[in-house]
Amino acid sequence: MEQSWKQAKAVFATALGPPLVWLVLFFLVPLAIVWAYSFGHNDGLTQIAITGTFKNYARAIEPLYLKIFLKSAGVAALTTGLCLVIGFPVALAITFASQKAKAWLLLLIMLPFWTNLLIRTYALIAVLRDEGYINKGLEAVWTLAGKVLPLAPFQPIPMMHTNFAVIVGLVYVHLPFMVLPLYSALDRLDKSLLEASLDLGAGHMRTLFKVVVPLALPGIASGILITFIPALGAYLTPDLLGGPDSQMIANVIERQFKRANDWPFGAALSFLLMYLTFVAIAVQALLGRKKGVRA
Amino acid sequence: MSKLRKSPPGPLEYLRRWQMQAWLFAVAVFLYAPLLALMAFSFNDSRRNIVWKGFTLKYYDKAFHDSSLIEAFANSLTIAALCTVFSVALGAMVALALWRFRFPGKTVLDGALALPIVVPEICMGVAMLVFFAKVLPWPVGLPWPLNLGAITIAHVSFSFPFVAVVVRARMASFNREMEEAARDLGAGEWRTIWDVILPHMAPALVAGALLAFTLSLDDFVITFFTSGPDTVTFPVKVYSMVRFSVTPEVNAASTILIVLTVLLTAVALKMQGDPAGVAGGHGDKP
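Criteria and cut-off values
Residues numbered from 1 in each chain as written. Chains lettered and ligands numbered in written order. Predicted model: local features only at pLDDT ≥ 70, side-chain atom pairs only at ≥ 80, totals over all residues. Heavy atoms only, no water. Helix = DSSP H or I, 4+ residues; strand = E, 2+ residues; numbered from the N terminus. Buried < 20%, exposed > 50% of the residue type's maximum accessible area, 1.4 Å probe, protein only. Phe/Tyr/Trp six-rings, centres within 6.5 Å; stacked < 30°, edge-to-face > 60°. Pairing = 2+ DSSP bridges. Contact = heavy atoms within 4.5 Å. Core = buried A, V, L, I, M, F, W, Y, C linked by side-chain atoms within 4.5 Å. Salt bridge = Lys/Arg side-chain N within 4 Å of Asp/Glu carboxyl O.

Some points on unusual backbone geometry
Residues and elements named next belong to chain A.
Part 1: With a phi angle near 60°, H161 is a residue other than glycine that sits in the positive phi range.
Part 2: If you trace the backbone, H161 turns up in the loop between α6 (133-146) and α7 (163-187).
Part 3: What makes H161 partly exposed here is its relative accessible area of 46%.
Part 4: One non-glycine residue, N261, lies in the positive phi region at around 50°.
Part 5: Here N261 shows up in the loop between α12 (249-257) and α13 (263-291).
Part 6: Among the residues examined, N261 registers a relative accessible area of 33% and is labelled partly exposed.

Shown next, in the form of structure tokens:
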């Protein structure tokens, strides 16, 4: 049974004191300051006057910025959807693999996950750019075909600095986020239910959609959440792979704090992003409760 | 068909179906081809980095003689080491307090502790930028490693809640009767913690330490907002190199970091004995 803190005040204070102070001082206070700034305006070059104005939030929902919010949400949703489609069969295969194969497959998914995000993005640049591996490979094929067919000179397909590159990059980075929770949900399934469904004449697809998916729904929901949240706030991928029209909300926030030097507006944007994140978590929690199962 | 055929795949042996194998193969290529190409081309004797021109180690030589790159790498490792020490201590303490005691405001603390895990990196980055610009301006020109203080503090803030998650998961399997037995046999509060609870916690502390180390070594966004001109970390340095162009030096430097990460992961797996356990560090498995 848990002890009341009054029974061992010295132990309690020693154990809780330092982490609590750290959390408040080096996390909650900085966030609170940003929150306060979001109700202020620039007063001179370095001073920020907190006046309780809602101007920054009003500006954030102007069409220009609203569009970026919607676009970020759309890109994150598309990324999540692609990760689900690509990752689900992988999770399924891992679930039904032998113990040994399972360990190796999990390692296969996890190793890129532990590799530095910047390095993975950089590796993609080398693949996607005009002189990248894809275009050079295509060029080689094209030249080879050109020996038999009269073909125009090869034009590299522009892939870098497009929305396409951003989506590829986000899927590349977030795929493990989707596969791991899916796997842990599928692994807990009662396999005899699947066998029963197959025995009773349902095909694999029908078993998948009528038995596996409904049973694994909480895991699917948490996979979607775990992928969607970081994709929504992605900074590095759109920054390095995207072009001027593929800026996501995190890039706009960064610009306010660095080049544009409009901290109050950047603060308002970053709190809106945070609220969106909380809404996503709350929606998932509510859906989970309605189903009567916890993810 | 003279050869003896293997039995057809069982109904649930998805891994033995060729469609599934093809899918897995494609995903593996998608995940690994860019990284393997990056590593292979770090040995390529050509600046343009596309066509294979022969094996060379000169870019490693260059990377090892690039003092700013070395400094950034040393900074990253120092920050990661400091962050690990602080995160493990703080994470274990808060996990112990939450596991052991009933106290008012426990739910609030629980929620607040989850915040650094769920808050978007960019939001935490700007919060740290504002904090260290306005509230606690970190003095410039402090001797090493004190000059890395701001980055280290920021890293500890997002790492120690992860350590707490891992340690709490471990403590769930602790038999409280052991503690009672220790108390019955005359051990005091501190003695019980030191001799009975900590040994049970130990594997989680190791896992938490590796997690904190990797999280710190990996972080770009939050560091980007807290680092100054003389406190550049490896990812920040690579970022500024990548902005300019794709060069073999970056490939060489990245390969070193990838190898380091793979080694760390291998150590983590050896200690855990189960890859699923390492995934648990990210909170998706009990």
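Some thoughts on the packing of aromatic side chains
Part 1: Tallying each qualifying case throughout the model produces 25 aromatic pairs over all chains.
Part 2: Ring geometry for A:F12 and B:F101: centres 5.2 Å apart, planes at 80°, overall edge-to-face. In this pair, A:F12 sits in helix α1 (residues 9-37) while B:F101 sits in strand β1 (residues 101-102), so the two residues belong to two different chains. One exposure class covers both A:F12 and B:F101, and it is buried.
Part 3: Seen from their ring centres, B:F73 and B:F234 are 5.0 Å apart, and the 85° between their planes marks the pair as edge-to-face.

Concerning the pairing of strand β2 (residues 40-43) of chain A
Residues and elements named next belong to chain A.
Part 1: Two strands pair when backbone bridges link them, and β2 and strand β3 (residues 47-50) are joined in this way by 4 bridges, in the antiparallel orientation. Paired with H41 across the bridge in β3 is A49.
Part 2: Counted along the chain from β2 to the antiparallel partner β3, the turn is 3 residues long, and its residue G44 has a positive phi close to 85°.

Focus: the side chain of B:T152
Residues and elements named next belong to chain B.
Part 1: Mapped onto the elements of the fold, T152 is located in helix α6 (residues 149-171).
Part 2: The exposure class assigned to T152 is buried, which follows from its relative accessible area of 7%.
Part 3: Filtering out sequence-adjacent residues up to four positions away, T152 remains in contact with I79, L82 and C83.

Some details on the nonpolar core
Part 1: If you look at the biggest cluster of nonpolar residues, it comprises 174 residues, and the most contacted ones within it are A:L92 and B:I122.
Part 2: The residues contacting B:I122, other than those within four sequence positions of it, are A:G233, A:Y235, A:A250, A:I253, A:E254, A:L273, B:V221 and B:F225.

A short note on the pattern of salt bridges
Part 1: For the structure shown, the criterion picks out 11 salt bridges over all chains.
Part 2: A:K136 serves as the salt-bridge partner of A:E139, at 3.3 Å between the closest nitrogen and oxygen. With a gap of 3 residues between them, A:E139 and A:K136 both fall in helix α6, about one helical turn apart.
Part 3: Between B:D110 and B:R168 there is a salt bridge, and its shortest N-O distance comes to 2.7 Å. You can see B:D110 sitting in helix α4 (residues 106-118) and its partner B:R168 sitting in helix α6, a full 58 residues away along the chain.
Part 4: Among the residues examined, B:R168 registers a relative accessible area of 30% and is labelled partly exposed.

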